[in-house]
Amino acid sequence: MKKSIVIAVAALVIVACSTTKKAEPEQTLAQQLEERLDSLRQKGYMAGHQDDPFYGIGWAYEDGKSDVKLTVGDYPAVMGFELGGIEMGDDKNLDSVPFTRIHDELLAHVKRGGIVTISWHPRNPMTTAPDGGRGAQKFPDGSAWDVSDTTVVKSVLSGGKNAELFKVWMERVADFIETLHTEDGQKVPIIFRPWHENNGSWFWWGQRLCSDEEFKGLWNLLQDYMNERGFDNLLWSYSPNLDGNWTLERFMQRYPGNDRVTLIGEDAYQWGTEEDFVKQLNADLTFLTQFAKDNGKLLAMTECGFKNIPDSTWFSRVLKVQMDKYPICYFLLWRNYEKEWFGPVPGTPSGEDYKAFKEAENVMFLNDIQ
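Described in the following lines is the structure provided in the data block. Quick caveat: nothing in here was measured; it's all calculated off a predicted structure. (Residues numbered from 1 in each chain as written. Predicted model: local features only at pLDDT ≥ 70, side-chain atom pairs only at ≥ 80, totals over all residues. Heavy atoms only, no water.)

### Thoughts on the layout of surface pockets
Each pocket or cavity is described by its volume, and for the largest pocket that value is around 580 Å³. In terms of lining, the largest pocket is formed by 26 residues, of which the most central are Glu-197, Tyr-269, Trp-271, Glu-303 and Trp-334. Looking at the lining of the largest pocket, the element that brings in the most residues is helix H9 (residues 274–295), giving three residues. Among the residues making up the lining of the largest pocket, the classes are represented as eleven nonpolar, six polar and nine charged. (1 Å grid on protein atoms, 1.4 Å probe; cavity = no way out; pocket = protein on both sides within 12 Å on 5 of 7 lines; lining within 4 Å. Points joined across faces, edges and corners; volume = space filled by probe spheres on them. Helix = DSSP H or I, 4+ residues; strand = E, 2+ residues; numbered from the N terminus. Nonpolar A, V, L, I, M, F, W, Y, C, P; charged D, E, K, R; others polar.)

### Re the side chain of His-109
Note on placement: His-109 falls in helix H4 (residues 99–111). With residues near it in sequence (within four places) discarded, His-109 still touches Tyr-75, Pro-76, Ala-77, Val-78, Met-79, Gly-114, Ile-115, Val-116 and Leu-366. (Contact = heavy atoms within 4.5 Å.)

### Regarding the packing of aromatic side chains
According to the stated counting rule, one finds 39 aromatic pairs in the structure shown. Both rings, one in Trp-120 and one in Trp-195, keep their centres 5.6 Å apart while their planes meet at 50°; by these two values the pair is tilted. One end of the pair, Trp-120, is in strand E5 (residues 115–120); the other, Trp-195, is in the loop between strand E6 (190–194) and helix H7 (212–228), and 75 residues separate them in sequence. Each member of the pair, Trp-120 as well as Trp-195, is classed as buried. (Phe/Tyr/Trp six-rings, centres within 6.5 Å; stacked < 30°, edge-to-face > 60°. Buried < 20%, exposed > 50% of the residue type's maximum accessible area, 1.4 Å probe, protein only.)

### Details of the pairing of strand E7 (residues 234–238)
With five of its five residues buried, E7 lies for the most part within the structure. What you see with E7 is no split at all: Leu-234, Trp-236 and Tyr-238 on one side and Leu-235 and Ser-237 on the other are buried throughout. Alignment of E6 against E7, held across three bridges, turns out to be parallel. Counterpart to Phe-192 in the pairing with E7 is Trp-236. After leaving E6, the chain enters H7 and then returns to the sheet as E7, a path that is right-handed. As defined by bridge partners, E7 adjoins strand E8 (residues 263–269) across two bridges and the pair is classed as parallel. If you follow Ser-237 over to E8, its bridge partner there is Leu-263. (Pairing = 2+ DSSP bridges. Right-handed = clockwise from strand over helix to strand, strands pointing away.)

### Quick look at the pairing of strand E10 (residues 330–333)
What you see with E10 is no split at all: Tyr-330 and Leu-332 on one side and Phe-331 and Leu-333 on the other are buried throughout. Looking at chain direction, strand E1 (residues 45–50) and E10 are connected through four bridges and run parallel. When the bridges of E10 are listed, His-49 appears paired with Leu-333. Examined bridge by bridge, strand E9 (residues 298–305) and E10 share two bridges and lie parallel to one another. Counted as the bridge partner of Met-301 is Phe-331 from E10.

### Let's talk about the environment of Met-88
For Met-88, the location among the structural elements is in the loop between strand E4 (78–82) and H4. A residue is classified by how much of its surface remains accessible, and Met-88, at 13% relative accessible area, is buried. Expressed as a C-alpha distance, the spacing of Met-88 and Val-173, which sit 85 residues apart in the sequence, is 9.8 Å.

### Describing the pattern of salt bridges
A complete count under the given rule lists 22 salt bridges for this structure. The closest approach of N and O atoms between Glu-178 and Arg-229, which form a salt bridge, is 3.3 Å. In this pair, Glu-178 is assigned in helix H6 (residues 163–178) and Arg-229 in the loop between H7 and E7, connecting sequence segments 51 residues apart. A relative accessible area of 44% means that Glu-178 is categorised as partly exposed. Given the relative accessible area of 24%, Arg-229 is considered partly exposed. Ionic pairing is found between Asp-232 and Lys-187, a salt bridge with its closest N-O pair at 2.7 Å. Residue Asp-232 is found in the loop between H7 and E7, and its partner Lys-187 is found in the loop between H6 and E6; the two are separated by 45 residues along the sequence. (Salt bridge = Lys/Arg side-chain N within 4 Å of Asp/Glu carboxyl O.)

### Looking at the nonpolar core
Counting residues in each nonpolar core, the largest one holds 85 residues, and the members touching the most others are Trp-195, Met-226, Met-301, Phe-331 and Phe-357. Excluding residues within four positions of it along the chain, Phe-331 makes contact with Tyr-45, Met-46, Ala-47, Gly-48, Met-301, Cys-304, Met-323, Phe-357 and Val-363. (Core = buried A, V, L, I, M, F, W, Y, C linked by side-chain atoms within 4.5 Å.)

### Regarding helix H10 (residues 314–323)
Judged by how many residues are buried, H10 sits mostly within the fold: seven of ten residues are covered. Residues Trp-314, Phe-315, Val-318, Leu-319, Lys-320, Gln-322 and Met-323 constitute the buried set of H10. Projected onto a plane normal to the axis of H10, the buried residues spread over an arc of 165° and lie on a single side. Those residues of H10 that are buried lie in contact with E1, H9, E9, E10, helix H11 (349–359) and strand E13 (363–364). (Arc of directions from axis to C-beta.)

### Here we look at the packing of H9 against H10
Close contact between H9 and H10 brings their axes to 10 Å; oriented N to C, the two are set at 25°. Judged on the interaxial angle alone, H10 and H9 are roughly parallel. Two secondary-structure elements touch here, H9 through Glu-274, Phe-277, Val-278, Leu-281 and Asn-282 and H10 through Trp-314, Arg-317, Val-318 and Gln-322. Considered class by class, the residues forming the contact of H9 with H10 number five nonpolar, two polar and two charged. (Axes fitted to C-alpha atoms, helices over the stretch in contact; angles between N-to-C directions. Parallel < 35°, antiparallel > 145°, perpendicular 65-115°, else oblique.)

Set out below in structure tokens:
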């Protein structure tokens, strides 16, 4: 009798374990990307560049070309792409890059084993004409940088005067992301980084342009819509700007929540003195490293650079030295365009200095992560 009971219980345990095993869901593409980033982080951090395959200093839209590749012989591991303008139905983004080209170059980088990240700077729905006429220039009224109205975020939330318009805008973003799939129809993993630098006030979703709750509502609105569209391939990045004075209380005021964020970013440019930049960057990365560790999040330098790099040793002597101290998974230098550049320019002293990244064992380019 007792033996029969033991056998029966054992059988139930086996069945329960088997059932549990079968019930385990497969990893989403976003979860796979998270694991990949975390695994690569154990080796160091990846080099990235915004708009890398589109143009550089002295060239534009030449197949296979890249200032990073021209400098070190390899593509960056991470490439950044921008969707601002897609919400208006434009053919080109706010940096005049055709969306067809963004589509093709993004998928090409994924196909060769690279990692991609997307940002979106939508126009100001309060001041942009329906035909987009006021957003044609760089930063006029109607652009993402138009901060002339403090009710923009409120206007796109449920019940707001622009709520229906913003639904159309989100739909257009989603429709484009839906086209980003492999030749056999499989979605591709993407780091999605909306509403960045919200602790500043130069975008219509910035600190002084909306309340903390309104900002969180904006984040949730977009994320919930993308989830409803079935985009389980988006890894969400929350990326404030260089601050230098983070406290847990201040950081949490706008943080969307652990269930809504996978990667904590830092957008950090040197606009002032080197001393101030280094001090603020180390303060931020010290805080963010602990926050990421405590909350199980990845950490990255989601934007960084020094405009036109007036100090030819800045990459190796300033930026790399600071990043080496922290467990970031990648850094993304901003774009090189005509007379403004943040990444390496081949044949220049700072371009030669950038090679320190390529020579370092803890910095990865495309061939290092394939």
